[in-house]
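This is what each chain is made of:
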Amino acid sequence: MLRHFLLEDGFVSLNHGSYGTYPRSVRDSLRAYQDLAESNPDRWMRKTMHDEMTKVRSRLGAFLNCPPTNLAIVPNTSAGINAILRSMHLRPGDKLLCLSTIYEAMHQTLCYLCDTHEGVSLVCVEVAYPVSDDALVEAVEQVIEEEERKEDGLVGGRIRIAIVDAISSQPGVRVPFERLVKVLKRHRILSLVDGAHAIGHIPLDLQELDPDFLVTNCHKWLYSVRGSAVLYVPRRWQVSVHPTSISIGYKDRDFQAEFEWQGTIDFSGYMTIPAGMGFIPIFLEFACLNCNRWFHYSLLMPSPSSSIPALDFRTTLGGESRIQSYCHTLAVQGGQLVARLWGTSVMENPEGTLTANMVNVRLPLTTPATDNNMVKRQVHYLMEVQLLEFRCFAAPYRHAGAWWVRMCAQVYNEIGDFEVVAKAFGVACKRLESVGGDVDKL
């Protein structure tokens, strides 16, 4: 599969989760749409682009099992979440809920709201992984009930909205967001699901989930061009939600029109999400990681010269279940291999629910982290050693007093990639240990 992507020769990436990357055929689709736009900019901006955006939403609606009218296309999850949060009319005494593992950009957005709205405060549920799903859900509900007691039993305890991850960033673990949405609904708290890593990574059924809001990046695990993401807002809330850049669509009070046009941009990246053409049949042979048996499949695969947007490229690989099964199995086995090589452990709970297609392994590193600056400097060093000396990358971080690395498994990866990254971290960690984490001595 590696030949279908644009990664440079010899570079090993176990970091698909940060920025994603897209296949050559999706790149060709992007350029085809850009050429179409430039061939007649007026026709594109005034007519064709809007027709194509309707097709994008329609295809995503079928993929996510929700009405296309409940979807808007945005550049990234941050833009979508800011649109939701900054559309809220907050009053003194209102509270915002999050977990301590919230993505830092989203945490800063919540801090901004508290700083700019008098009397608004943040309630944070402390989480230290590994933790069971039951314990996490219980911890969230306990915090909500405590807030309710402070407000003489008021349902929700003045908490207006809660952000919960579908899959958190660091640690890169699956969160029981389906159960948390139900908890929030019982307590009459609005649910905002940060699904930055969700679409293309795990199954999503928005009709069944029924959150108040959800945003998910298509340019990460779905293989579209960055930045492209989808914002879900059910009809009951659409009149209240506006993009952060108000433009000509506002006066029409049309949810999709507002988000579709916020000014002139290159819309071509959005078009790389849905349908296209250009398949060729081939026979695929591969070994099962679990049982060492060989399997043979006849599939439709993208021709190197084809122009195929992301969802159709995924269909050529056998669909969502096959992609997610391969990546999950590889993540589990890769994490176990690296943990054995280092003599450490994989971040997992007794139910085995934390690892989806990203696995977290404890680093063989015990250096102190007395302040944030010391943490940042050691993380920066671990990154530089990978990129400059070993030509590989996975994301290191510190959580709950220990050093970890998040490794992402993708269809272009194989088990040997985990060995390459393990070697790089082994060297870098040994150096840091030798100087007690003082990067200046290296």
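Keep in mind the model is a prediction, meaning the values are calculated, not measured.

Visitor: Is there a simple way to explain the sheet that holds strand E13 (residues 395-399) in this structure?
Guide: Strand pairing in a sheet is mediated by backbone hydrogen bonds. Such pairs are either parallel or antiparallel. The strand order across the open sheet built from three strands is E11-E14-E13, with neighbouring strands paired in antiparallel fashion. On the outer flanks of this sheet lie strand E11 (358-362) and E13, each paired with one strand and no other. Neighbour-to-neighbour, the strand axes of the sheet open up by a mean angle of 30°, direction not taken into account. Across five bridges, the pairing between E11 and strand E14 (residues 402-408) is antiparallel. Directly across from Asn360, in E14, lies its bridge partner Arg406. Contacts between helix H14 (residues 372-390) and the sheet are confined to E13 and E14, with E13 contributing the most and set at about 155° to the helix.

Visitor: Sorry, what's going on with the domain arrangement of the chain here?
Guide: Accessible area lost on assembly of the parts is the figure often given for the size of an interface. Here the chain is described as being made up of domain 1 (43-274) and domain 2 (319-441). Placing a centre on the C-alpha atoms of domain 1 and another on those of domain 2 gives a separation of 28 Å. Counting the surface lost from both domain 1 and domain 2, the interface buries some 1,900 Å², and carbon and sulfur atoms represent 58% of this. Counting across the domain 1 and domain 2 interface gives zero salt bridges.

Visitor: Would you mind going over helix H5 (residues 104-116) with me for this structure?
Guide: An α-helical segment advances 3.6 residues per turn. Residues three or four places apart therefore align on the same side. For H5, with 13 residues, the first-to-last C-alpha span of 18 Å sits near the 18 Å given by 1.5 Å per residue. Within the span of H5, buried status applies to Met106, Thr109, Leu110, Leu113 and Cys114. Looking straight down H5, one finds that the buried residues subtend no more than 140° of arc, so they occupy a single side.

Parameters and conventions
- Residues numbered from 1 in each chain as written.
- Predicted model: local features only at pLDDT ≥ 70, side-chain atom pairs only at ≥ 80, totals over all residues.
- Heavy atoms only, no water.
- Pairing = 2+ DSSP bridges.
- Helix = DSSP H or I, 4+ residues; strand = E, 2+ residues; numbered from the N terminus.
- Axes fitted to C-alpha atoms, helices over the stretch in contact; angles between N-to-C directions.
- Contact = heavy atoms within 4.5 Å.
- Domains from an automatic or database assignment.
- Buried area = accessible area lost by both parts, 1.4 Å probe.
- Salt bridge = Lys/Arg side-chain N within 4 Å of Asp/Glu carboxyl O.
- Expected span 1.5 Å × (residues − 1).
- Buried < 20%, exposed > 50% of the residue type's maximum accessible area, 1.4 Å probe, protein only.
- Arc of directions from axis to C-beta.

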